[in-house]
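Residue-level structure breakdown
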Amino acid sequence: MPIRNLTPTTEVPSPSLEEVPLSSFDLFTVGIGPSSSHTVGPMRAAASFAADLAEHGMLDTVASLTVRLYGSLAATGAGHGTMSAVLIGLEGRLPDQVLPAEMETILARIESSGTLKLAGIHELAFREADIALHPLTVLDGHPNGMKFAAIAADGEPVLEATYFSIGGGFIYREGDNRDGSSATADAPIADPLPFRTAAQLLAHCRNEGLSFSGVMLRNELARRTQAEVNSGLLHIRDVMDECKNNSLERTGNLPGTLNVRRRAPDWHRRLREEDPNRDPAFWQEWVNLVALAVNEENASGGRVVTAPTNGAAGIIPAVLFYAVHYAPGMKDADQAKKDDATVRFLLASAAVGVLYKRMASISGAEVGCQGEVGSASSMAAAGLAEILGGTPEQVENAAEIAMEHNLGLTCDPIGGLVQIPCIERNAIAAAKAINAAKMALWGDGTHRVSLDEVIITMAETGKDMSSRYKETSMGGLAVNVVEC
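Let us look at the structure shown here. Since the structure is predicted, the reported quantities are computational estimates derived from the model, not experimental observations.

1. Remarks on the overall build of the protein chain
- In terms of regular secondary structure, the protein chain is built from 19 helices and nine strands.
- In terms of overall size, the protein chain behaves like a compact globule, its C-alpha atoms giving a radius of gyration of 22 Å where 484 residues would be expected to give roughly 23 Å.
- For the protein chain, the spread of C-alpha atoms along the principal axes amounts to about 70 × 50 × 45 Å.
- For the protein chain, the share of sequence-separated contacts (at least 6 apart) that also reach a separation of at least 24 residues comes to 76%.
- Element-wise, carbon and sulfur atoms account for 51% of the exposed surface of the protein chain, whose accessible area totals about 19,100 Å².
- The protein chain carries 39 positive and 59 negative side-chain charges, and their two centres are separated by 4 Å.

2. Observations concerning the state of the cysteines
- Going through the model one piece at a time under the given rule, you end up with zero disulfides.
- No disulfide involves C369; its sulfur sits 5.4 Å from that of C411, the nearest cysteine.
- With no disulfide partner, C422 has as its closest neighbouring cysteine sulfur the one in C411, 6.2 Å distant.

3. Brief notes about the nonpolar core
- Residues F28, I315, I316, V319 and F345 are the most contacted members of the largest nonpolar core, which totals 101 residues.
- Residue contributions to this core peak at 13 residues, all from helix α13 (residues 335–359).
- Among residues more than four places away in sequence, those in contact with I315 are V373, A376, S377, A380, N426, A429 and A430.
- Among the nonpolar cores identified, the runner-up in size contains 40 residues, and M58, L73, V86 and L124 belong to it.

4. Focus on the environment of E104
- Looking at the element boundaries, E104 is found in helix α6 (residues 100–113).
- E104 sits in the exposed class, given a relative accessible area of 58%.
- Each C-alpha atom of the pair E104 and S24 lies 30 Å from the other, and the pair is 80 residues apart in sequence.

5. Brief notes about the packing of helix α2 (residues 36–55) against helix α5 (residues 82–90)
- For the pair α2 and α5, interaxial distance at closest approach is 7 Å and the crossing angle is 30 degrees. With respect to α5, the axis of α2 lies roughly parallel. The interaxial crossing formed by α2 with α5 has right-handed handedness. For the pair formed by α2 and α5, the contact residues are H38, T39, P42, M43, A46, A47, F49 and A50 on the first element and T82, A85, V86, I88, G89 and L90 on the second.
- Among the residues making up the contact of α2 with α5, the classes are represented as 10 nonpolar, four polar and no charged.

6. Description of empty space enclosed by the protein
- Inspection of the entire model under this criterion finds two cavities of 30 Å³ or more.
- By volume, the largest cavity is sized at about 160 Å³.
- If you go around the largest cavity, you meet 17 residues; those closest to its centre are G311, E372, C411, V418 and C422.
- Listing elements by their share of the lining of the largest cavity, those giving two or more residues are α2 and α17 (422–441).
- A breakdown of the residues in the lining of the largest cavity according to their chemical character gives eight nonpolar, five polar and four charged.
- The space that makes up the second largest cavity amounts to roughly 50 Å³.
- Looking at the lining of the second largest cavity, the elements with two or more residues in it are α8 (212–220) and α13.
- Residues that form the lining of the second largest cavity fall into these classes: four nonpolar, one polar and two charged.

7. Observations regarding the packing of aromatic side chains
- Tallying each qualifying case throughout the model produces seven aromatic pairs.
- Pairing F148 with Y163 gives two aromatic rings, centres 5.8 Å apart and planes at 85 degrees, and the pair type is edge-to-face. In this pair, F148 sits in strand β6 (residues 144–151) while Y163 sits in strand β7 (residues 157–165), placing the two residues 15 residues apart along the sequence. Side by side, F148 and Y163 carry an identical accessibility label, which is buried.
- The rings of W283, W286, F321, Y322 and Y326 are connected pair by pair, giving a single aromatic cluster.

8. Some thoughts on helix α11 (residues 283–299)
- Its 17 residues give α11 an end-to-end C-alpha distance of 24 Å, which sits within 8% of 24 Å, the value for a rise of 1.5 Å per residue.
- With 14 of 17 residues buried, α11 is to be regarded as a mostly interior element.
- At the exit of α11 stands G301, carrying a positive phi of roughly 80 degrees.

9. Observations concerning the packing of helix α9 (residues 226–248) against α13
- Running from N to C, α9 and α13 point in directions that differ by 90 degrees, and their axes come no closer than 9 Å. The pairing of α9 with α13 is recorded here as roughly perpendicular in orientation. Listed contacts from α13 to V229, N230, L233, L234, I236 and R237 of α9 are Q335, D339, T342, V343, L346 and L347.
- Residue composition of the contact of α9 with α13, by class: seven nonpolar, three polar and two charged.

10. Focus: unusual backbone geometry
- In this chain, G33 is followed by P34 through a cis amide linkage whose omega measures 10 degrees.
- Tracing the backbone through its elements, the reader meets P34 in the loop between β1 (29–32) and α2.
- For the bond from I420 to P421, the omega torsion is 10 degrees, close enough to zero to count as cis.
- Structurally, P421 is set in the loop between α16 (392–404) and α17.

11. A word on the side chain of N426
- Counting through the fold element by element, N426 comes out in helix α17.
- Take N426: its relative accessible area is 0%, and that puts it in the buried class.
- In terms of polar contacts, N426 uses its side chain to reach the backbone carbonyl oxygen of G311, at 2.9 Å.
- What N426 contacts, discounting residues up to four positions off in sequence, is A291, N295, G311, A312, A313, G314, I315 and V373.

Definitions and limits used
- Residues numbered from 1 in each chain as written.
- Predicted model: local features only at pLDDT ≥ 70, side-chain atom pairs only at ≥ 80, totals over all residues.
- Heavy atoms only, no water.
- Helix = DSSP H or I, 4+ residues; strand = E, 2+ residues; numbered from the N terminus.
- Rg over C-alpha atoms; globule rule 2.2 N^0.38 Å.
- Contact = heavy atoms within 4.5 Å.
- Areas by Shrake-Rupley, 256 points an atom, 1.4 Å probe, with all protein chains shown as cover.
- Lys, Arg positive; Asp, Glu negative; His and termini not counted.
- Charge placed at Lys NZ, Arg CZ, Asp CG, Glu CD.
- Disulfide = S-S within 2.5 Å.
- Core = buried A, V, L, I, M, F, W, Y, C linked by side-chain atoms within 4.5 Å.
- Buried < 20%, exposed > 50% of the residue type's maximum accessible area, 1.4 Å probe, protein only.
- Axes fitted to C-alpha atoms, helices over the stretch in contact; angles between N-to-C directions.
- Parallel < 35°, antiparallel > 145°, perpendicular 65-115°, else oblique.
- Left-handed = near helix turned anticlockwise from the far one by under 90°.
- Nonpolar A, V, L, I, M, F, W, Y, C, P; charged D, E, K, R; others polar.
- 1 Å grid on protein atoms, 1.4 Å probe; cavity = no way out; pocket = protein on both sides within 12 Å on 5 of 7 lines; lining within 4 Å.
- Points joined across faces, edges and corners; volume = space filled by probe spheres on them.
- Phe/Tyr/Trp six-rings, centres within 6.5 Å; stacked < 30°, edge-to-face > 60°.
- Expected span 1.5 Å × (residues − 1).
- Polar contact = N/O pair within 3.5 Å; in protein donor to acceptor, adjacent residues only side chain to side chain.

Next comes the structure, spelled out in structure tokens:
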């Protein structure tokens, strides 16, 4: 049987800026922990492969599957739930549509029966042990590579595809554009105010009389109504809150071999006793709590918002908590005012997130943790600076300060688990973001180092960084701390 390759075979030039708009809803998505690049992305890739088979009427011809994981995906896949995510994706489920409890049921069924339902329809023998791992092989394109092949009964391939998980849950298939759009697809609706750099973003602010959130909103309105933007972002806020609240109800240790004790529930009880009326003196304890709670839930494989990644998922919720509870005039504000602040915060944060996606990377496997925690801290600083009344220049300065002091941050998780140093790192980075915003607002917006220069430096630092410190658990804390 001849192979069916649905991807273009010729190299397609990178699309122009206007052809590949990035939305707030690309940067903030609902997913499953513990990793956006190692859990959410592989699940989406596997689901995409299964959907292609179904869409082109190939399912009945598939007798077996081969799945190969490469580089960082293979090196830390066990601790990141990568293989489980692939199985769920092959069953046709997506991270924003499946709950953790459903995943457990599906995985138990696959393990006990030794079969999965490809695209939710076609049953064939395949389980986690059948996934091949190649940790020392890195495919051209990205350290997080995956190869899928569907094989017919005569041993001939029906369909083959290579995918890359490039951070934040974003994926692209070999032959498509790196932004994930098909090279043969119709061009999406262009942004009315496109920007790739902070300089371009600031120029729009000056020319249009808009804030960072205003520019981002103008672009969102090209594809959604104002009501849809508001409800979508408030839904993101609600999932963040639900994630935190779920974590506060859990007890015991986090999953995995490290036996890390959950701290959020005990901290929450203590804070309710010591600070029943939200004394401003306790702001940092509450910020720490939110960051820890979100990331403990992420480490548990819970439902989280990639913001912009799972490993950094606690930073933006923690700083947003500060914005709506401790910013001037917010403590006693009505819900409508808090909702408006939330929307503006997330839009401004997303505008800065676009810069990191355009100019650098948010993938720990590509540039280290500076691309995850660093970018999230920078985004959160921008969102808070805007809520605190900052000018566009001050907001840009806040984002620059936050990233400047996360440059060179490595990704060396102990045991390949998104726990140490990841959980505490979110709390520290949230405090950095708040301090960066406050520092920027004490200035007038002028500063020596631009956000663009810092982002470029981050990208260059990531290229220079040894692969041992880029989500492989082969260096740093991962090898210098005994796991048990």
